[in-house]
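One-letter residues, chain by chain:
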Amino acid sequence: QVQLVESGGGLVQPGGSLRLSCAASGSIRSINVMGWYRQAPGKERELVARIGSGGSTNYANYADSVKGRFTISRDNAKNMVYLQMNSLKPEDTALYYCNLRVTTTAYRALEVWGQGTLVTVSS
């Protein structure tokens, strides 16, 4: 019912910038929460940033490790979410996943994950 398409990952030098994009489509009545998670080799998946899409979820928050460097945003149609990553560090290297929590047109609550996009920060 709901599909995600991620893009923007790649190789970047420390101190560089990268912008991740996630587009949602399908039978969406509302998007309640949009976020980005990441998982580095040998590490647990962690929340990077999360943003509400209106209503009771009108907020944005970040992991302490990325505050001041990363910015999450959405378009005015609320069908895309972005992660602007600045001042990248080697420890930011991970597989980044888009995550949506939506209500479908049939009023079903769903959690949807993207396939992941790889970000590598290396000199």
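A few points on the structure. (Residues numbered from 1 in each chain as written. Predicted model: local features only at pLDDT ≥ 70, side-chain atom pairs only at ≥ 80, totals over all residues. Heavy atoms only, no water.)

## Some details on the state of the cysteines
Logical step 1: Counted under the stated rule, the structure contains 1 disulfide.
Logical step 2: Linked covalently through their sulfurs, Cys22 and Cys98 form a disulfide whose S-S length is 2.2 Å. For the disulfide bridge between Cys22 and Cys98, the dihedral angle about the S-S bond is near -85 degrees, and by the sign convention the bridge is left-handed. With a gap of 76 residues between them, Cys22 in strand E3 (residues 18–26) and Cys98 in strand E9 (residues 94–104) connect regions that are remote in the sequence. (Disulfide = S-S within 2.5 Å. Helix = DSSP H or I, 4+ residues; strand = E, 2+ residues; numbered from the N terminus.)

## Description of the pattern of salt bridges
Logical step 1: According to the stated counting rule, one finds 5 salt bridges in the structure shown.
Logical step 2: Residue Glu111 is joined to Arg101 by a salt bridge in which the shortest nitrogen-to-oxygen separation is 3.4 Å. Of this pair, Glu111 sits in strand E10 (residues 109–113) while Arg101 sits in strand E9, and the two are 10 residues apart along the sequence.
Logical step 3: It is possible to trace a salt-bridge network through shared partners that takes in Arg38, Glu46, Arg69 and Asp92. (Salt bridge = Lys/Arg side-chain N within 4 Å of Asp/Glu carboxyl O.)

## Description of the side chain of Ser21
Logical step 1: Looking at the element boundaries, Ser21 is found in strand E3.
Logical step 2: Given a relative accessible area of 16%, Ser21 falls into the buried group.
Logical step 3: Not counting chain neighbours up to four residues away, the residues in contact with Ser21 comprise Val5, Glu6, Ser7, Trp36, Val81 and Tyr82. (Buried < 20%, exposed > 50% of the residue type's maximum accessible area, 1.4 Å probe, protein only. Contact = heavy atoms within 4.5 Å.)

## Things to note about the side chain of Asp92
Logical step 1: Inspection of the secondary structure puts Asp92 in the loop between strand E8 (80–85) and E9.
Logical step 2: Residue Asp92 is classed as buried on the basis of its relative accessible area, which comes to 1%.
Logical step 3: A polar atom in the side chain of Asp92 sits 2.7 Å from the side chain of Arg69.
Logical step 4: Setting aside its immediate chain neighbours within four residues, Asp92 contacts Arg38, Arg69, Phe70, Ser87, Val119 and Val121. (Polar contact = N/O pair within 3.5 Å; in protein donor to acceptor, adjacent residues only side chain to side chain.)

## Some words on the packing of aromatic side chains
Logical step 1: The tally for this structure, following the rule as stated, stands at 2 aromatic pairs.
Logical step 2: Here the aromatic rings of Tyr97 and Trp113 are separated by 6.4 Å at their centres, their planes lie at 85 degrees, and the arrangement is edge-to-face. In this pair, Tyr97 sits in strand E9 while Trp113 sits in strand E10, placing the two residues 16 residues apart along the sequence.
Logical step 3: Feature note: the residues Tyr37, Tyr97 and Trp113 constitute an aromatic cluster, connected by ring pairs.
Logical step 4: We note Arg19 situated over the ring of Tyr82; from NZ or CZ to the ring centre the distance is 4.3 Å.
Logical step 5: Stacked on the ring of Tyr97, the Lys or Arg Arg45 has its end atom at 3.9 Å from the ring centre. (Phe/Tyr/Trp six-rings, centres within 6.5 Å; stacked < 30°, edge-to-face > 60°. Lys NZ or Arg CZ within 6 Å of the ring centre and 35° of its normal.)

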